[in-house]
Amino acid sequence: MRTITTTPLRHEINKLVSSADEAVADMHSNSTLLAGGFGLCGVPDTLIASVLAHPEIHSLTAVSNNAGTANSGLGLLLASRQIKKMIASYVGNNKTFERMYMHGELEVELTPQGTLAERCRAGGAGIPAFFTPAGAGTIVQTGELPLKHNPDGSVKEYSKPKDMRVFNGKSYIMEEAIYGDYAFVKAWKADRLGNCQFRYSAHNFNGVMGRNARTTIVEAEEIVEVGSIEPGCVGLPGIYVTKVVKSTAEKKIELLTLTADDDTKDVTATLGKGETANKRERIVRRAAKEFKDGMYANLGIGMPMLAPSFVDPGVSVQLQSENGILGMGPYPKRAQVDPDLTNAGKETVTLLPGASIFGSEESFGMVRSGRIDLTVLGAMQVSAKGDLANWMLPGKVKGFGGAMDLVSNPTATKVVVTMEHTDKQGKPKILKQCIFPLTGRKCVSRIITDLCVFDVDFTTGLTLIELADGVTEDEVRSKTEPDFKVSDDLKQML
């Protein structure tokens, strides 16, 4: 009979290292670095700081949802010129990132947020490519996305066109997997085996990045004994992890946002002042009527985020945030603020009873597969047939974020746009054809402005269904470029 014996002298797996400097000691220049985090939430700042202290590590291709701010996160490595290329979904308010990209100091491969998560997931799962509806019919697919600019701002290099296929009558584009040499992951807890547990929305991109790279380095807030993490709570199994180090960086909050009844300004101050605030509140109040009992809904940043404040208390809606929350609650009171709980707009939030947390790759699986009933987004322009442009202005770029994914299944997810009817110069924002680069084609079902509400048919165009108090049909026509029909049952807005 054969037996297996054990001995206390056996070699034990131990992935703990004593410092971040030791953890990054064997990093090489010209490598691809994947970094978890969303905004400033769940960012591996201890490891980033260690790379910053080693300027001999340079010419990195960094893959992350965004690059933090000019003074935090990967923004520090941009400023030190240790990153030569960014693969990201969002530039946001990082002026260093935007300036370097627009003036030819940095190559940037902008990627829809859900596609970015899936490309990283695919690379870690041994899948070289896949098809997605996000970006079909936009410059992501046609190869007109600027990768690099000249110092004067002109385009030096464009992206390549992507293969397109039609499945079940719908267009999809092929995206290739991303493969990382190194991944920096921020965890709440980790043990010497490398098992990791994430905390709330700090999960975001951390799990999917950690499962991808050849060398995954985890910084954990707490180093715990093996067995302390319940098996079902392990968000990143140790098989993927190479090294674990204690996190020493202070957690940061990008946008501290508190509930209106706390000792701070009302969050509706976001709407502005005077007549501007009146217009925007009218839009937000009307958008709140789109929520129906039992819906799963996703909200874009800006005005859409305020819509739940005006929803009838008798209506129960589950809010989904693409950074990995289902069951998102209102803004916190000061005593409830948690750096590990932020929404897609990087604002502090709370969780409702029954909420769940997951990674970004799963979040966008919910989105693309049509599990979300309603998404409310802002816009720069909308066309008569429902095309949407909301990610770029001439000379400025914020990035796609998750918008291309959110509008990629309009037959299952109703897309409602909230925006002022005209721009700051008084020019129409509802056009025959969008002038700015598209976020999606034939995807917007309803447009809510300060003047009116339009329903959109992807074939026949616009129908006016509501007018704001004091607004006439003639005024709407004078401020709307395309022609439109008027509903036989025209109602007053609100």
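Everything quoted here is computed from the prediction, not taken from an experiment. (Residues numbered from 1 in each chain as written. Predicted model: local features only at pLDDT ≥ 70, side-chain atom pairs only at ≥ 80, totals over all residues. Heavy atoms only, no water.)

Another point: the environment of Ala297. Tracing the backbone through its elements, the reader meets Ala297 in strand 14 (residues 296-299). Note: C-alpha distance between Ala297 and Ile372 (75 residues apart in sequence) is 5.7 Å. Setting aside residues up to four positions removed in sequence, Ala297 forms contacts with Phe291, Val317, Gln318, Leu319, Gln320, Ile372 and Leu374. (Helix = DSSP H or I, 4+ residues; strand = E, 2+ residues; numbered from the N terminus. Contact = heavy atoms within 4.5 Å.)

Core analysis: the biggest nonpolar cluster contains 69 residues, and Phe291, Leu388, Ile447 and Phe454 have the highest contact counts within it. When sequence neighbours within four positions are dropped, the list of residues in contact with Leu388 reads Leu377, Gly378, Ala379, Gln381, Val382, Val407, Val417, Leu438, Thr439, Gly440, Cys443 and Val444. In this structure, Ala88, Ala136, Phe184 and Met392 belong to the second largest nonpolar core, which totals 43 residues. (Core = buried A, V, L, I, M, F, W, Y, C linked by side-chain atoms within 4.5 Å. Buried < 20%, exposed > 50% of the residue type's maximum accessible area, 1.4 Å probe, protein only.)

Moving on to the pattern of salt bridges. Scanning the entire structure with this criterion turns up 31 salt bridges. Put simply, Glu221 and Lys186 hold a salt bridge, and the shortest N to O gap is 3.9 Å. Taken together, the positions of Glu221 in strand 12 (residues 215-223) and Lys186 in strand 10 (residues 182-190) put the pair 35 residues apart, joining distant regions of the chain. On the basis of relative accessible area, Lys186 is assigned to the buried category, the value being 9%. Put simply, Arg441 and Asp387 hold a salt bridge, and the shortest N to O gap is 4.0 Å. Placement of Arg441 in the loop between strand 24 (430-431) and strand 25 (446-448) and of Asp387 in the loop between strand 19 (381-383) and strand 20 (388-389) is noted, with a sequence separation of 54 residues between them. (Salt bridge = Lys/Arg side-chain N within 4 Å of Asp/Glu carboxyl O.)

In the structure shown here, the tally under the stated rule is four aromatic pairs. Measuring from ring centre to ring centre gives 5.4 Å for Phe131 and Phe167, while their planes differ by 65 degrees; the resulting arrangement is edge-to-face. Placement of the pair is Phe131 in strand 5 (residues 129-132) and Phe167 in strand 8 (residues 164-167), with a sequence separation of 36 residues. On the basis of relative accessibility, which here comes to 31%, the residue Phe131 falls in the partly exposed class. Ring centres of Trp391 and Phe400 lie 4.5 Å apart, and the angle between their planes is 65 degrees; this geometry places the pair in the edge-to-face category. The pair formed by Trp391 and Phe400 is uniform in burial state, with each residue classed as buried. Here the aromatic cluster, defined as three or more aromatic residues joined through ring pairs, consists of Phe131, Phe167 and Tyr172. Between Lys189 and the ring centre of Trp188, over which it is positioned, the NZ or CZ distance is 4.3 Å. Here the basic side chain of Arg477 rests over the ring of Phe484, its NZ or CZ set 4.1 Å away from the ring centre. (Phe/Tyr/Trp six-rings, centres within 6.5 Å; stacked < 30°, edge-to-face > 60°. Lys NZ or Arg CZ within 6 Å of the ring centre and 35° of its normal.)

Within helix 10 (residues 360-368), seven of the nine residues are buried, leaving the element largely enclosed by the surrounding structure. Residues of helix 10 that are buried: Ser360, Glu361, Ser363, Phe364, Met366, Val367 and Arg368. Its buried side turned inward, helix 10 meets helix 5 (113-125), strand 5, helix 7 (206-210), strand 15 (318-321) and helix 11 (403-406). In the stretch just after helix 10, Gly370 is the one whose phi turns positive, near 85 degrees.

This part is about the sheet that holds strand 8. Spatially, the three strands line up as an open sheet ordered 5-9-8, and their pairing is antiparallel. This sheet does not close on itself; its edge strands, each paired only once, are strand 5 and strand 8. The average undirected angle you get between the axes of adjacent strands in this sheet is 35 degrees. In this sheet, strand 9 (residues 170-176) lies alongside strand 8 in antiparallel orientation, the contact comprising four bridges. Directly across from Phe167, in strand 9, lies its bridge partner Lys170. The sheet contacts of helix 5 involve strand 5 and strand 9, and relative to strand 5 the element is tilted by about 155 degrees. (Pairing = 2+ DSSP bridges. Axes fitted to C-alpha atoms, helices over the stretch in contact; angles between N-to-C directions.)

Taken in spatial order, the three strands of this open sheet run 20-19-24, and their pairing is mixed. Taken across any chain shown, the strands that pair with only one partner, and hence form the sheet edges, are strand 20 and strand 24. Here strand 19 runs beside strand 24; their pairing, made up of two bridges, is parallel. Looking across to strand 24, one finds that Val382 is bridged to Ile430.

Over its 15 residues, helix 8 (residues 274-288) extends 21 Å from the first C-alpha to the last, a length consistent with the 21 Å expected when each residue adds 1.5 Å. Those residues of helix 8 lying buried are Ala277, Ile283, Val284, Arg286, Ala287 and Ala288. The inward-facing, buried residues of helix 8 abut helix 9 (303-306), strand 23 (414-418), strand 25, strand 26 (452-457) and strand 27 (461-467). (Expected span 1.5 Å × (residues − 1).)

Read these as layout, nothing more, since geometry by itself doesn't imply function.
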